[in-house]
Amino acid sequence: MQREIKFDAIHEFINALHDSNITKAAFTQINEKRAVEVKPGTLQVVDVVIAEILAYKDATIYKCKIENADLDDLYTMLEDEGFELTKRSRNIT
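This one's a predicted model, so the numbers in the text were calculated from it and none came from an experiment.

**Q** So what exactly am I meant to see when it comes to the overall build of the protein chain here?
**A** From N to C terminus, the protein chain includes two helices and five strands. Traced from its N-terminal end to its C-terminal end, the protein chain shows the element sequence β-α-β-β-β-α-β. Dimensions of the protein chain along its principal axes, counting C-alpha atoms only, are 50 × 30 × 20 Å. Expressed as a percentage of its 93 residues, the buried residues of the protein chain come to 35%.

Shown next, in the form of structure tokens:
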């Protein structure tokens, strides 16, 4: 049976990966301007910065989604923790 575990805090996510002996993860990022409906009929262009880190082991997917993160610092922190990362962009444009 497959399951998914979601984390809000990066340190809890890192600890869970270390506890499960996971060393590889996917680092996906969104870093662009997007039109967002702020109220009915009103669009506003805003900066969207989201990092989502994914790892998989024994039919379990580990996910951590962080909004408004410093992408470079987060990537470096994960590398410093010993993770081998695959970096992907999820920008629309």
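**Q** How do you make sense of the sheet that holds strand β5 (residues 84–89) when you look at a structure like this?
**A** Neighbouring strands of a sheet are bound in pairs by backbone hydrogen bonds; such pairs are parallel or else antiparallel. Ordered in space as β1-β4-β3-β2-β5, the five strands form an open sheet in which the pairing is mixed. Bordering the open sheet on either side are β1 (3–7) and β5, each of which pairs with just one other strand. Taken over all neighbouring pairs, the strand axes of this sheet differ in orientation by 25 degrees on average, direction set aside. The sheet contacts of helix α1 (residues 10–19) involve β1, β3 (42–57) and β4 (60–67), and relative to β4 the element is tilted by about 160 degrees. Each of β2 (24–39), β3, β4 and β5 touches helix α2 (residues 71–80); the most contacted strand, β2, lies at about 160 degrees to it.

**Q** I tried to follow the environment of Asp19 on my own but got confused; where do I start?
**A** Residue position: Asp19 is located in helix α1. Residues Asp19 and Glu67 lie 48 residues apart in sequence; the distance between their C-alpha atoms is 25 Å.

**Q** Teacher, can you tell me more about the pairing of β3 here?
**A** A regular strand carries its side chains on alternate faces of the sheet. Taken together, the 13 bridges between β2 and β3 define a ladder with antiparallel strand orientation. Looking at β3, one finds that Ala35 is bridged to Val45. Hairpin geometry of β3 and β4 is characterised by an intervening segment of two residues between the two adjacent antiparallel strands and by a positive phi of about 50 degrees at Asp58.

**Q** Explain the nonpolar core here, please?
**A** The nonpolar side chains of a soluble globular protein tend to be buried, and buried together. Residues Ile10, Phe13, Phe27, Ile53, Leu74 and Leu78 are the most contacted members of the largest nonpolar core, which totals 23 residues. The set of elements that each furnish at least two residues to this core consists of α1, β2, β3, β4 and α2. Of the residues forming this core, the biggest block, five residues, is contributed by α1.

Definitions and limits used
- The residue numbers shown here count from 1 along each chain, following its written sequence.
- Under the rules for a predicted model, residues below a pLDDT of 70 receive no local features and side-chain atom pairs below 80 are neither given nor counted, while totals for whole chains, interfaces and linings still include all residues.
- Hydrogen atoms and water are omitted, and side-chain values are computed over all heavy atoms in the structure.
- Only DSSP runs of H or I with at least four residues qualify as helices, and only runs of E with at least two residues qualify as strands; both kinds are numbered from the N terminus onward.
- Between buried and exposed lies partly exposed: a residue is buried under 20% and exposed over 50% of the maximum accessible area for its type, with that area taken using a 1.4 Å probe on protein chains only.
- When DSSP finds two or more bridges between a pair of strands, those strands are recorded as paired.
- For helices, the fitted line uses only the C-alpha atoms of the stretch in contact; every axis is such a line through C-alpha atoms, and the angle between N-to-C directions lies from 0 to 180 degrees.
- Here, two residues are considered to be in contact whenever any of their heavy atoms come within 4.5 Å of each other.
- Among the buried residues, those of types Ala, Val, Leu, Ile, Met, Phe, Trp, Tyr and Cys that are joined through side-chain atoms within 4.5 Å form a nonpolar core.

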